Amino acid sequence: MDLLSAYRAMLGIRLFEEGVLRLAEQGLVPGATHPYTGQEAVAVGVLAARRPQEWVVSFYRCHGHALAAGSPPERVLREILGRDGGLCGGKSGSMHLADRANRLLGSTSIVAAQLPIAAGAAMSAKLDGTGQAVIVFCGDGALGAGGAYETLTIAAAQRLPLLVVCEDNGWQDRTASALVRHLAPTELVRGLRLPYVEVDGNDVEAVHGAATAALAACRDGGGVGVLVAHTYLRHFHSQLGPRPPAEYRPAAERERWLARDPLTVAADRITADLTALRAEVAAETDALIRRALDAGEPDPATATTGVTVTGDALIGAAR
Ligand SMILES: Cc1ncc(C[n+]2csc(CCOP(=O)(O)OP(=O)(O)O)c2C)c(N)n1
């Protein structure tokens, strides 16, 4: 992986997300929006290891995954704002991004619901003999859900080519994970006898290396694998309604993680001067935000189009 390109991609996501947060504060984002700030190295590192045709499945914290999968940022932002020209016609909003062209199968707001969806895609890949894996992102809390357990059990028994990327940011909404979980993600998957690897989720090169190896194992008939990436959110869980104050999370915890921000970790290893690159990405982001804000609302006549797909059409389109 080219570290400079990875840095650029992470910076693009960071500035995009900071822009979304500003727009949310101005009341321009309908519904809830969940920032990805601080977790950029996971999406960028993992998706740089993906083969172009491999499906990705995400959850409500999906902006970073979509951008790293190749979705056009302006279309993603228009979607988040519910505007014309959005990735899904302005109908999905922030939490349900899907982009067939870039193999983002979908994103769901129901914790852990993305796992069985991804297992279905992995089943399809296996039956088709494509030799491709499917990548699914989830939070650490999602691994405690019943649907996750069922999915992992069945996927393991069927040796489905599925890579589960668990983004362990230490929190589940407003609750510290340590308070509510009996087993850490690694202990849980060890109990299911699944191959797993644990990685510093703020180090894009480490994530990329681990994902490359894990995906190769999945594709090679190894079946389901799990990558647990330890990371941290810079901004809090969701931006809707009253938000907890910054000090909600312990100051020492925040400081420790923010000092190891993925952008800083990568920049420290790059010898080139990044000033011009930073200015360029900032200007690009500002321009796309301005254009998205200028976009109109979708034509009401499109409200019922493209929202359901039936039988053969679904199977045909998914391949
Ligand atoms: C089935 C279900 N239960 C509860 C919720 C409410 N909820 C939204 S996010 C969240 C916490 C999930 O934490 P985690 O999986 O660790 O992901 P993170 O948000 O930290 O990335 C909860 C409980 C939900 N969306 N779906």
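To start, this report covers the structure provided alongside it.

Calculation notes
Residues numbered from 1 in each chain as written. Predicted model: local features only at pLDDT ≥ 70, side-chain atom pairs only at ≥ 80, totals over all residues. Heavy atoms only, no water. Helix = DSSP H or I, 4+ residues; strand = E, 2+ residues; numbered from the N terminus. Rg over C-alpha atoms; globule rule 2.2 N^0.38 Å. Buried < 20%, exposed > 50% of the residue type's maximum accessible area, 1.4 Å probe, protein only. Contact = heavy atoms within 4.5 Å. Areas by Shrake-Rupley, 256 points an atom, 1.4 Å probe, with all protein chains shown as cover. Lys, Arg positive; Asp, Glu negative; His and termini not counted. Charge placed at Lys NZ, Arg CZ, Asp CG, Glu CD. Pairing = 2+ DSSP bridges. Disulfide = S-S within 2.5 Å. Near = heavy atom within 4 Å. Polar contact = N/O pair within 3.5 Å; in protein donor to acceptor, adjacent residues only side chain to side chain. Nonpolar A, V, L, I, M, F, W, Y, C, P; charged D, E, K, R; others polar. Axes fitted to C-alpha atoms, helices over the stretch in contact; angles between N-to-C directions.

1. With respect to the overall build of the protein
Here's step 1: Across its full length, the protein holds 13 helices and eight strands.
Here's step 2: Relative to the globule expectation of 20 Å for 319 residues, the C-alpha radius of gyration of the protein, 19 Å, shows essentially globular dimensions.
Here's step 3: Over its C-alpha atoms, taken along the principal directions, the protein stretches across nearly 50 × 50 × 40 Å.
Here's step 4: Split into buried and exposed, the 319 residues of the protein put 50% on the buried side.
Here's step 5: By sequence separation, contacts in the protein at least 24 residues apart represent 78% of the contacts at least 6 residues apart.
Here's step 6: In the form shown here, the protein has an accessible surface area of approximately 14,000 Å², with 55% of it arising from carbon and sulfur atoms.
Here's step 7: Across the protein, the centroid of the 30 positively charged side chains sits 3 Å from that of the 35 negatively charged ones.

2. What about the pairing of strand β1 (residues 56-59)?
Here's step 1: Judged by which residues are buried, β1 turns out to be covered on both faces: V56 and S58 on one side and V57 and F59 on the other are all buried.
Here's step 2: Judged from the four bridges that link them, β1 and strand β2 (residues 104-108) form a sheet pairing that is parallel. Paired with V57 across the two strands is G106, which belongs to β2.
Here's step 3: For β1 and strand β3 (residues 134-139), the ladder comprises two bridges, and the chain directions are parallel. From the neighbouring strand, V57 faces β3, where its bridge partner is V136.

3. A few points about the state of the cysteines
Covalent bonding between the sulfur atoms of two cysteines defines a disulfide.
Here's step 1: What the rule picks out here adds up to zero disulfides.
Here's step 2: We note that C62 lacks a disulfide partner, and the nearest cysteine sulfur, in C88, lies 9.0 Å from it.
Here's step 3: Classification of C62 by relative accessible area gives buried; the value is 0%.

4. A closer look at the environment of L104
Here's step 1: Summarising the element assignment, L104 is placed in strand β2.
Here's step 2: Assessed through its relative accessible area of 1%, L104 is described here as buried.
Here's step 3: Each C-alpha atom, one on L104 and one on V57, is 6.0 Å from the other, the two residues being 47 residues apart in sequence.
Here's step 4: Excluding its chain neighbours within four sequence positions, the residues that come into contact with L104 are W55, V56, S58, A66, L97, A98 and D99.

5. A word on unusual backbone geometry
Residues other than glycine predominantly adopt negative phi, and peptide bonds predominantly adopt the trans conformation.
Here's step 1: Located in the positive-phi region is A112, a residue other than glycine, with phi close to 80 degrees.
Here's step 2: Tracing the backbone through its elements, the reader meets A112 in the loop between β2 and α5 (114-128).
Here's step 3: Non-glycine residue R159 carries a positive phi angle of around 50 degrees.
Here's step 4: Summarising the element assignment, R159 is placed in the loop between α6 (146-157) and β4 (162-168).
Here's step 5: A relative accessible area of 47% places R159 in the partly exposed class.

6. Describing the site of the ligand
Here's step 1: The local shell around the ligand holds 15 residues, among which Y60, R61, S109, G141 and W171 are the closest.
Here's step 2: In the model, an oxygen atom of the ligand is placed 3.0 Å from a nitrogen or oxygen of the D140 side chain.
Here's step 3: Here the ligand has 580 Å² of accessible area as a free molecule, and 69% of this is covered by the chains.
Here's step 4: Residues that form the shell around the ligand fall into these classes: six nonpolar, six polar and three charged.

7. Points about the sheet that holds β1
Here's step 1: In spatial order, the strands read β2-β1-β3-β4-β8-β7; together these six strands make up an open sheet with parallel pairing. Of all strands in the sheet, those bounded by a partner on one side alone are β2 and β7 (196-200). Averaged over all neighbouring strand pairs, the angle between strand axes comes to 20 degrees, with direction disregarded.

8. Quick word on the environment of C218
Here's step 1: When you line up the elements, C218 lands in helix α9 (residues 204-222).
Here's step 2: On the basis of relative accessibility, which here comes to 3%, the residue C218 falls in the buried class.
Here's step 3: Note: C-alpha distance between C218 and P195 (23 residues apart in sequence) is 9.8 Å.
Here's step 4: Once you skip the residues sitting within four places of it in the chain, C218 turns out to touch A133, P161, L162, L163, G223 and G225.

Note that all results are geometric; they support no functional claim without further evidence.
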